[in-house]
Amino acid sequence: MSGARETGAGPVIAVALAVGVVVLALVASPSREPLLLTLLSLLAMMGLFTAFGYAAGHVRIGERVRDDDLVRAFADSLDDGLLVTRRDGRPLYANRALSDMVGVTAAGEIKALESLFAGDPRAAAAYFRLERAASRREPWREEIEIRADGRAPQIFRVAQRPCFVRGHDRELGPMSLWTVTDVTAERARQVSAVTSLEAALERMDSVPAGLLEVDARGNVRRLNATLLRWLGIEPQSSTQKALKLTDIVSTEGAELIANAAAAFYTTGEGVDLDVPVEKGASVPLRFFARRDNQGGLLIAVFRRATVAGEDGPAAAEIRFARIFQSSPFGIATIGSDGRLASTNAAFARMIPDGPSAIGVPAADVLCRSADADTRAAVDAAIARVISGTVSTTPIDITVGAESEFSRRLYLAPLTQAQDAREAAILYLIDATEQKALEAKFAQSSKMEAVGKLAGGIAHDFNNVLTAIIGFSDLLLQTHRPTDPAHKDIMNIRSSATRAAGLVAKLLAFSRRQTLQTEPLQLGEVLGDLAPLLKRSIGETIELKTPTGRDLWYVKTDRTQFEQVVINLAVNARDAMPEGGTLSIATRNVTERESQRLGLHGMPVGEYVLVEVTDTGSGMPPDVMAKIFEPFFTTKGVGKGTGLGLATVYGIVKQSGGFIYADSTLGSGTTFRVYMPRYMPDDEEALATQKAAKKERPQDLTGSGRVLLVEDEDVVRSFAVRALKRQGYEVVEASTGIEALEMMDLHEDRIDIVVSDVVMPEMDGPTLLKELRKRNPDLKIIFVSGYPHEAFETSLDKNEQFAFLPKPFSLPQLAAKVKEQLGR
């Protein structure tokens, strides 16, 4: 750093120039005379100008100023004390302000900084912390108060931080820079401000009106004692708990107050609200608000109380204001020009920008997201009520950024006067939940109707397929594999079996299939199923199966539940043609968690959750609305039956569970299956039940007399031939009445009855009751395309019977009969 100051070196330049002229003249030669004359002229002129400039004070000759002198001068001009010390604490430099603070010794040296705080134990402790931080090369700051005898206390802000001087590291070593600032006057001003504020607050508390200050985020900064008393809030609790405006009034009320503040300088109107207090009571208050410079609210609150039985205009106005603002549905008044005149709190909640739209055409506010037809209907209805015509037909409108909310609009005239501020009144009812329930009911009704149709068709198909599969089995017994017709018969049987699989899916969707329920631990089921799932989804998809600890038991059909998981996994695979991740997670869901979830249609309880998540393409909302419908598919022709998810839905529902789907287009899909918890009576009995798997007998021949009851001729014909081939004597009956006649004819020589369930004249359950009267120990096997749960409710609770679902094959029929006879 350099500067300039006056010096006596100016004449030296002039003398030097003159000497230069003389030298040149002496060395000059005649041949160079023109050039030398020119140079001499220039030098003479420069010397002359320099001499005159110096004499006039326009030319100064500078010399370098020492940097440390300038720094010292600057540091001494500061009001804050500065001190630079070595690592061991020895001072290197202190400015004048620090010297004035700590004083000097008799020898003229500055005293140590610690001497400033030595007389006060607390100050000494604070200084010790500063020195310890300095020795550790850590920045530190303390605010230290010094109380000296006979003098007012002084407050110093002392800070230190490590520092270094470039180029002098080795010479000086680590250093610390200390700053000491006297903040006594600053703290005195703060104390004075707080004292003034406390005095102002005391005056606020004595005002007979409520005063409230709210910041821009809705936090209550302060409120006076009058308002606290009205609200029944203890002063201590208001200081300990961070209050928000919405803790005092409702969210809608807070929005009304905020919008009233925006119109404070134009209308000056207040907001009448019933504010809840202790024990379910409420207090009627009127709020006047305006905005402050920081975007907060300054609110004055007045209590609007009436005497019981008072009938004056003021009392009527208060009663109306309370009814108007506390109404659970939206209310607004419309002027004769069709513009909104006033709105209540519920209207503010139900219509975006409702309270801020005072003076805006009502149709514009109500129909922001409506279609042209709805807008025309609202315009016409408003025009009619303004003219005095009563409109009894409500209008459904939609509001929200995505028209996700439904509102039902009613209008009524108030007056036919021209230029009336309030010519009509409108009411808004939130119909969102009702519309959602209507849509769900319509969807449920449609699914139920399709399910009944599918179930009825499936039952008839099962009878046909039983005959096809059965006669195929009979033909296969008479044709060797080398026979040319053997392959054709196998194709017929294979096609019938495939058709039976489709029928089973229809029954699953309609929740009419036969379920062999048993207590299951789903973690174990998924563990056993994992190898098959990996083969099904391919190598490009990573399979994850995180399992929660201590999973509860559920009661369902193991095979059908495996079908649920496989169908969901295959669906996920098809959504990830380029590969991805499939996660099948299980965990328990407590009763409290299910209550918090609040899923539509699922009662509160304990469940086991199976969550199937993929990272595929996801589905748009219009597809999501139809995924569980039968025969709905997004796959190409011939690539899907549209029964996969419908089957999943039916199996889960028939098992008493619930299924929900979430999907984001481009991000993936998650299916959540909630199965109700099952509490087995005895864990040991449960293990025995799982281990006791009856093996189907390999030898299907037997003996005994079988009464076969079946109204379908082809099914009965196949079953008779099948049982006779296995060695049984068969008595046929086409109806229940005929079966009773056969029983009377053969008396006690019938060993077992194989009967259809749905038959004309007398169905299977009724037949069983009549048979029990004749022979209480008679064994019976029901065969049906419907699950046994569909008819067992019409039987006695402890009734014993076996069940064989249609369609069945020859081996299945023979095995079931032999199993029941035990021979």
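Here, the structure is the one placed above.
Here's what I pulled together on the structure shown here.

**As for the overall build of the chain**
Helix and strand counts for the chain come out as 28 helices and 27 strands. Counting every position in the chain, which comprises 823 residues, the buried fraction comes to 39%. Sequence separation of at least 24 residues holds for 59% of the intrachain contacts in the chain that already meet a minimum separation of 6. Split by element, the accessible area of the chain, about 46000 Å² in all, is 54% carbon and sulfur.

**Things to note about the pairing of strand β13 (residues 391-399)**
Pairing analysis gives six bridges linking β13 to strand β14 (residues 405-413), with the strands arranged antiparallel. Residue pairing in the sheet places isoleucine 397 in a bridge with arginine 407 of β14. What sits between the antiparallel neighbours β13 and β14 is a turn of five residues, in which glycine 400 has the positive phi angle 105°.

**Quick notes on the packing of aromatic side chains**
In this description, a pair of aromatic rings is defined by centroid distance and the angle of the planes. Summed over the entire model, instances satisfying the criterion amount to 11 aromatic pairs. For the pair tyrosine 607 and phenylalanine 658, a centre-to-centre distance of 6.2 Å together with 75° between the ring planes defines the contact as edge-to-face. Residue tyrosine 607 is found in strand β20 (residues 607-614), and its partner phenylalanine 658 is found in strand β21 (residues 658-664); the two are separated by 51 residues along the sequence. The pair formed by tyrosine 607 and phenylalanine 658 is uniform in burial state, with each residue classed as buried. Chaining the aromatic ring pairs together yields one cluster made of Phe117, Tyr127, Phe156 and Trp178.

**Quick look at the sheet that holds strand β5 (residues 175-182)**
Taken in spatial order, the five strands of this open sheet run β2-β1-β5-β4-β3, and their pairing is antiparallel. If you trace the sheet from one side to the other, it starts and ends with β2 (91-94) and β3 (140-146), each paired once. In this sheet, neighbouring strand axes are inclined to one another by 20° on average, regardless of whether the strands run parallel or antiparallel. The strands that helix α5 (residues 121-135) touches are β3, β4 (154-163) and β5; relative to β3, the one it contacts most, it runs at about 160°.

Calculation notes
Residues numbered from 1 in each chain as written. Predicted model: local features only at pLDDT ≥ 70, side-chain atom pairs only at ≥ 80, totals over all residues. Heavy atoms only, no water. Helix = DSSP H or I, 4+ residues; strand = E, 2+ residues; numbered from the N terminus. Buried < 20%, exposed > 50% of the residue type's maximum accessible area, 1.4 Å probe, protein only. Contact = heavy atoms within 4.5 Å. Areas by Shrake-Rupley, 256 points an atom, 1.4 Å probe, with all protein chains shown as cover. Pairing = 2+ DSSP bridges. Phe/Tyr/Trp six-rings, centres within 6.5 Å; stacked < 30°, edge-to-face > 60°. Axes fitted to C-alpha atoms, helices over the stretch in contact; angles between N-to-C directions.

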